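Each chain, written out:
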Amino acid sequence: MTNFTLKHYLPYLLLAAIMLVLAWLPEQWQNMLQYNYTDITAGEYWRLITGHLLHSNTWHLIMNIGGLLLAMALHAVYFSYRQLAWQWLLCAVAIGLALYYFSPDIRIYVGLSGLLHAMLALGAIKDIQLKMTTGWLLLIGLVAKVIMEQCFGPDTDLAELINANVAVDAHLYGVISGIMLGVISSVFYRIKTVLA
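Worth saying up front: this structure is predicted, and the values here are computed from it rather than measured. (Residues numbered from 1 in each chain as written. Predicted model: local features only at pLDDT ≥ 70, side-chain atom pairs only at ≥ 80, totals over all residues. Heavy atoms only, no water.)

Visitor: Requested: an account of the overall build of the protein, with residues and values cited.
Guide: From N to C terminus, the protein includes 10 helices and two strands. Moving toward the C terminus, one meets the helices and strands of the protein in the order α-α-β-α-α-α-α-β-α-α-α-α. For a compact globule of 196 residues, the expected C-alpha radius of gyration is about 16 Å, and the protein comes in at 17 Å, within 12% of that figure. Residue burial in the protein is summarised as follows: out of 196 residues, 44% are buried. For the protein, contacts bridging at least 24 residues in sequence account for 77% of all contacts bridging at least 6. Working note: accessible area of the protein is about 11,300 Å², and carbon and sulfur atoms make up 70% of it. Computed over 9 positive and 10 negative side-chain charges, the inter-centroid distance for the protein is 22 Å. (Helix = DSSP H or I, 4+ residues; strand = E, 2+ residues; numbered from the N terminus. Rg over C-alpha atoms; globule rule 2.2 N^0.38 Å. Buried < 20%, exposed > 50% of the residue type's maximum accessible area, 1.4 Å probe, protein only. Contact = heavy atoms within 4.5 Å. Areas by Shrake-Rupley, 256 points an atom, 1.4 Å probe, with all protein chains shown as cover. Lys, Arg positive; Asp, Glu negative; His and termini not counted. Charge placed at Lys NZ, Arg CZ, Asp CG, Glu CD.)

Written out as structure tokens, the structure reads:
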């Protein structure tokens, strides 16, 4: 583990800045970037990624930036810029594809929450590798949260606040993709360590 410095914040702050800039785009431009099932079917595959960067309203954006800051505070020290870029890209694509194939009833999706769940799961896996009890607590909390959402549905007050349906399936796919990528990375790291 490396010492924590300001550079560890930068990828998270850059992602927050991108989301803020996109929030100021005209609605027509945002519509060209949002996850849209019909348009993805027509070949507009970038929407699998760009939909994560848009938000339904200001409250939605503020909450997701808050979640991003939480992920940064908990785990920024663990990953290099390159690792974060690959993690975020792979998880964004995995969540988008899972929504497309397993939740076709979700026709429009915007928001970072699925990717935030993946980030937190990846950080929890890293905590566990480092023998930190907090990693298990975070992972159990995330899994319990998505199970509750799958069983009882989304929080209706939250849906009203963000003026959109809460895509709990994106949270589920985020946790799954984060755990899978975290475990795969751990296995490759151990193999690399043994072979070194």
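Visitor: How would you summarise the packing of helix 5 (residues 58-75) against helix 7 (residues 113-129) if you had to cite specific residues and measurements?
Guide: At a closest axis distance of 10 Å, the pairing of helix 5 and helix 7 adopts a crossing angle of 10 degrees. By the angle between their axes, helix 5 is roughly parallel relative to helix 7. By crossing handedness, the relation of helix 5 to helix 7 is classed as left-handed. The segment helix 5 lies against helix 7, with Asn64, Gly67, Leu68, Ala71, Leu74 and His75 engaging Ser113, Leu116, Met119, Leu120, Gly123, Ala124 and Asp127. Classifying every residue of the contact of helix 5 with helix 7 gives seven nonpolar, five polar and one charged. (Axes fitted to C-alpha atoms, helices over the stretch in contact; angles between N-to-C directions. Parallel < 35°, antiparallel > 145°, perpendicular 65-115°, else oblique. Left-handed = near helix turned anticlockwise from the far one by under 90°. Nonpolar A, V, L, I, M, F, W, Y, C, P; charged D, E, K, R; others polar.)

Visitor: How would you explain the nonpolar core if you had to name every residue and give the values?
Guide: Generally speaking, a soluble globular protein has its nonpolar side chains buried in company with each other. Grouped together as the largest cluster of nonpolar side chains are 45 residues, with contacts concentrated most on Tyr12, Tyr35, Leu68, Leu99 and Met119. Secondary-structure elements contributing two or more residues to this core are helix 1 (10-23), helix 3 (37-41), helix 5, helix 6 (81-102), helix 7, helix 8 (133-152) and helix 10 (168-195). Contacts of Tyr35, omitting those with residues within four sequence positions, involve Ile40, Arg47, Leu48, Gly51, Gly96, Leu99, Tyr100, Ile106, Arg107, Ile108 and Tyr109. (Core = buried A, V, L, I, M, F, W, Y, C linked by side-chain atoms within 4.5 Å.)

Visitor: So what about the packing of helix 6 against helix 7? Which residues, and what values?
Guide: Between helix 6 and helix 7, the least distance of the axes is 10 Å, while the angle of their chain directions is 130 degrees. Taken together, helix 6 and helix 7 sit at an angle that is classed as oblique. Relative to helix 7, helix 6 is oriented so that their crossing is right-handed. Two secondary-structure elements touch here, helix 6 through Gln87, Trp88, Cys91, Ala92 and Ile95 and helix 7 through Gly114, Leu115, Ala118, Met119 and Leu122.

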